[in-house]
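# Descriptive analysis of the structure
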Amino acid sequence: MKIKLDILRRKNQNEQPYHQIIEYEIQDENTTLAAALTDINSRSDIKDMEGKPVGKIRWECSCMQKKCGACAMVINSVPRLACDTKLSEFQKKGKVTVEPLRKFPVIADLAVDRSILFENLKTLKMWFEEETTVNEQSIETSYEASRCLQCGCCLEVCPNFCADTVFKGMAAIVPASRLIASLPDVQKKEFFKTYRKNMYEGCGKSLACRNICPAGINIEKLLVNSNAAAVWKIPPLRKKRRT
Amino acid sequence: MDRINIIGAGLSGLSAALTLSYSGISCNLISLQPSERAQSVLAEGGINAALDTMGENDCIENHFNDTIHGGADMADPNAVDGLTRNAPAILYWLEHLGVPFNRKNGKIVLRNFGGQKKKRTAYAKSSTGKMMMTSLTDEARKYEAKGLITRYPHHEFIRLLLDNSGKNCLGVRVKDTYSGELIDFFGTVLLASGGINGVFPHMTTGTTQNSGDVTATVFSQGVRAGNLEMIQYHPTTYGISGKRCLLTEAARGEGGRLYVIRNGEPWYFMEEKYPELKNLMPRDVVSREIYFVRRSDDCENTVYLDMRELPEDTWKHKLSDLREEIIKYLSLDPKRDPIPIEPGIHYFMGGIDTDENHRTNIGNLYASGECTCQYHGANRLGGNSMLGAIYGGKKAAESILQSGEKESAAEPSFSVCEKDDSDEYAEEASAERIRQIREILLDGLGIVRNENEMQNALARLKRLAADNKLNKREQNRVCLARAMLMSALERKESRGAHYREDYPAKNDDYQKTTTASFENQNIVIRFRELPKRRSCNNENKT
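Nothing here was measured: the structure is a model prediction, and the numbers come from that model.

## Focus: the overall build of chain A
Each helix and strand in chain A was counted, giving seven helices and seven strands. In chain A, the succession of helices and strands from N to C terminus is β-β-α-β-β-β-β-β-α-α-α-α-α-α. In terms of principal-axis extent, the alpha carbons of chain A reach across some 70 × 45 × 30 Å. Taken over 243 residues, chain A has a buried fraction of 48%. For chain A, long-range pairs separated by at least 24 residues make up 67% of all intrachain contacts whose partners lie at least 6 apart in sequence.

## Examining the overall build of chain B
A tally of regular secondary structure across chain B gives 14 helices and 26 strands. Relative to its length of 542 residues, chain B is compact, with a C-alpha radius of gyration of 22 Å against a globular reference of 24 Å. Within chain B, the proportion of its 542 residues that are buried is 58%. Here the analysis covers contacts within chain B between residues at least 6 apart in sequence; of these, 74% occur between residues at least 24 apart.

## Some remarks on the environment of Ser331(B)
Residues and elements named next belong to chain B. Relative to the assigned elements, Ser 331 resides in the loop between helix H10 (320–330) and strand E19 (339–348). Judged by local crowding, Ser 331 falls into the exposed class, with 10 C-beta atoms found within 10 Å. Residues Ser 331 and Leu 441, spaced 110 residues apart in sequence, show a C-alpha to C-alpha distance of 32 Å.

## A few points about the interface of chain A and chain B
The interface of chain A with chain B comprises 40 residues on the first partner and 34 residues on the second. For the side of chain A that touches chain B, the elements supplying multiple residues, two or more each, are helix H1 (33–41), helix H2 (115–123) and helix H3 (139–146) of chain A. Of all the elements, H3(A) adds the most residues to the side of chain A that touches chain B, at four residues. Classifying every residue of the side of chain A that touches chain B gives 17 nonpolar, 15 polar and eight charged.

## Structural notes on the packing of helix H5 (residues 170–180) of chain A against helix H6 (residues 185–200) of chain A
Residue and element names in this part refer to chain A. At a minimum axis distance of 11 Å, the contact between H5 and H6 shows a crossing angle of 160°. Here H5 is positioned roughly antiparallel relative to H6, judged by the angle of their axes. By crossing handedness, the relation of H5 to H6 is classed as left-handed. Facing Ala 172, Ile 173, Ala 176 and Leu 179 of H5, the residues of H6 in contact are Phe 191, Tyr 195, Asn 198 and Met 199. Among the residues forming the contact of H5 with H6, the class breakdown is seven nonpolar, one polar and no charged.

## Focus: helix H1 (residues 11–22) of chain B
Residues and elements named next belong to chain B. Across its 12 residues, H1 extends 16 Å between first and last C-alpha, which sits within 8% of the 16 Å expected from 1.5 Å per residue. A large share of H1 lies buried, amounting to 11 of its 12 residues. The secondary structure elements touched by the buried residues of H1 are strand E1 (4–7), strand E2 (27–30), helix H4 (128–145), strand E8 (149–152), strand E12 (189–191) and helix H11 (385–403).

## Description of helix H12 (residues 431–444) of chain B
Residue and element names in this part refer to chain B. For H12, which comprises 14 residues, the first-to-last C-alpha distance of 20 Å matches the rise-based estimate of 20 Å (1.5 Å per residue) to within 8%. Within H12 the residues assigned to the buried category are Arg 433, Ile 434, Ile 437, Ile 440, Leu 441 and Gly 444. In a view along the axis of H12, the buried residues occupy a sector of 130°, so they form one face of it. Considering only its buried residues, H12 is in contact with helix H13 (451–465) and helix H14 (472–490).

## Points about the sheet that holds strand E3 (residues 72–75) of chain A
Residues and elements named next belong to chain A. The five strands lie next to each other as E2-E1-E5-E3-E4, forming an open sheet whose pairing is mixed. Unpaired on one side and paired on the other, strand E2 (18–25) and strand E4 (78–81) mark the two borders of the sheet. Strand after strand, the sheet turns through a mean of 35° between neighbouring axes, direction not considered. Strand direction decides the pairing type here: E3 and strand E5 (residues 95–99), joined by two bridges, are antiparallel. The partner of Ile 75 across the bridge, within E5, is Val 98. Lying on the sheet, H1 is in contact with strand E1 (2–9), E2, E3 and E5; it crosses E2 at an angle near 95°.

## Considerations on the sheet that holds E2(B)
All names here are of chain B. What the five strands build is an open sheet, ordered E8-E2-E1-E12-E21; its pairing is parallel. In this open sheet, the two strands that pair with only one neighbour each are E8 and strand E21 (365–367). Taken over all neighbouring pairs, the strand axes of this sheet differ in orientation by 20° on average, direction set aside. With respect to the sheet, H11 is in contact with E1, E12 and E21, its orientation differing from that of E21 by roughly 160°.

## Some thoughts on the pairing of strand E26 (residues 522–529) of chain B
All names here are of chain B. Summarising the sheet, strand E25 (residues 512–519) and E26 pair through eight bridges and their orientation is antiparallel. For Thr 514, the partnering residue across the bridge sits in E26 and is Phe 527. Hairpin connection from E25 to E26: two residues lie between these consecutive antiparallel strands, with Asn 520 at a positive phi of about 50°.

## Looking at the nonpolar core
Membership of the largest hydrophobic core comes to 227 residues, with the highest contact counts inside it found for Cys71(A), Cys154(A), Ile6(B), Ala17(B), Leu190(B), Leu191(B) and Ala481(B). In terms of residues, this core owes the most to one element, H14(B), which gives nine residues. There are two domains that each give this core at least three residues, and those are domain 1 (2–112) and domain 2 (115–230) of chain A. Aside from chain neighbours lying at most four places away, what touches Cys71(A) is Ala34(A), Trp59(A), Glu60(A), Cys61(A), Leu81(A), Ala82(A) and Cys83(A).

Definitions and limits used
Residues numbered from 1 in each chain as written. Chains lettered and ligands numbered in written order. Predicted model: local features only at pLDDT ≥ 70, side-chain atom pairs only at ≥ 80, totals over all residues. Helix = DSSP H or I, 4+ residues; strand = E, 2+ residues; numbered from the N terminus. Buried ≥ 20, exposed ≤ 12 C-beta atoms within 10 Å, placed from the backbone. Contact = placed C-beta atoms within 7 Å. Rg over C-alpha atoms; globule rule 2.2 N^0.38 Å. Nonpolar A, V, L, I, M, F, W, Y, C, P; charged D, E, K, R; others polar. Axes fitted to C-alpha atoms, helices over the stretch in contact; angles between N-to-C directions. Parallel < 35°, antiparallel > 145°, perpendicular 65-115°, else oblique. Left-handed = near helix turned anticlockwise from the far one by under 90°. Expected span 1.5 Å × (residues − 1). Arc of directions from axis to C-beta. Pairing = 2+ DSSP bridges. Core = buried A, V, L, I, M, F, W, Y, C linked by C-beta atoms within 7 Å. Domains from an automatic or database assignment.

Here you go:
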């Protein structure tokens, strides 16, 4: 079965983007977009629909099994991981549109510079100032928050985030939840202030990011927990003891 | 002391960067992608330390013995002594960085893992690597803000800068993959660049980032390699689009059982053949048994992992991610269905040869993590890879600290090459050549090997090497691949992951480290005696 990959290509930031269609023969129903891009790039003669030779497609990948977030891109208007996207999903239409994430500067083709994600975490002082230990009640929260891939998919759909806003988006709120769950006392005042200013206040609660996370992180639960601890100062619920 | 240049931002690179930072020494952390994309995030099952929280009277000496024996008596005993002795302190350090290890009554819970007679593997469900990487990345960020760690993500290693003698490292040349600029960083270099997965593209459980080019390049530049023939085939993997996926050993640690259909009935062959450790024999043994039963006339070709009897609590609290992955990729539910598995390439015990202080044969050049051949001998035990990476990074950084003056340079020392500069090492290897090398190596370096197949593979590589159209990286890959095959050919015995059907027995004449060097355009294989263990004392205790 053949499928048309309609890829938004761009040589570099200074050049105009253009759509290019490359036809691809799907090997089986489990073939992912990431495997297809790898396969196409391994050819010595990549050709577009008209049979015109074209250059390799620039994109980022690493784990190929949705554990690293490298291959995030916009696929049929939805931010997703290429390694988590089976091409057989698009079998009916016979075509899929593949574009780079739009909230980050494009390096070339589908590769974007997501440095802002990491710069934001540094600006927000996203670390423990002192040694800490996750208490047993917080293990689930800590585990869930630690799964964040920093892929940027949640920011892509966020109506309140762009690179220069004070609001740093869910890609900051999730890691913050890990810290808030085990924050040393000495750090609480300042970090909660940061949380309110750069995370809580800017969030319009659209929850557009709710079902976008490729890791399936329960964003809503983390947000509620962190808001409760950092904004409303409600201690975390403890399991009721049987009497 | 100048800034230290660390290549690789996975567990080992981060561990080294933090060790340097704690001593006030600054470093450049250079990696192709950010830490979040490193292969370390894929590690699942856990990390070993003789914490003895399960009431089994475990101790460091047990951990030492299991590691040495699991590695078929081929690892440096002094290095393993340091590794196992420091493991508990490393675990508590990680715990205090906020790693959400599974705990009960305040204590870290330990699980069974292959080749170990006691529960010794700490874990965070089945995403232990990701949990540890998140904590270490956060910790490193604190020192980034202080200027002690300067990250250079999206920077690719191109080659070492060596002095005229070729015996001292002056720095490293890297390429900014966003701008295309070549940059030279001067000063001591620590390679923490991971395993050489890329010599077997799409056939390993690793990432595409670990191309093997770093090891291939430095080998061609004169850095000695060791135990290159030792390639770990993990017993339980499955194929997905474009790669192999790991089915963690923790599944067997928690009660998963291997079987094959023999004469129409399930045969739990590991339990029958190895009544003591059963399904938890070391990985080399299990993979080999799977290989043989699949070829047995009275058995079907497929081996299954049966996890149907695992308790609900185990799926919920210990292996939740694993179940989700299997359902997603195989459309099978391990609570209900036996899972078909096959051995797949998972880890390279061999790599850059270092001493126990992680020094290579080149001055000012160190190496740690999976790119080295330090701790695992002929077969790595599950749960020792992350420990080896973290301890190795720490130990390498400590060696660097001991070697130099403790005065930190305030600014990075580097120079950007002229715009029109190019470097023959920077040209990528073609996909066709990479594929050819992979096919040849797979034919020669399978789970079961023999002289003929390896000689044939070597002859094909020699023909490939004679092609004068190969670019530098392709030449280097061929050179490394030849060294791997030559190492395997010279070891005329079976030991650990290296099983030869023409020499099926272990031969103690070969209880040595295999070394490979590229000298005067020739690959030279030698054997080096293993050191004796100094003594079982507390000198390394931290």
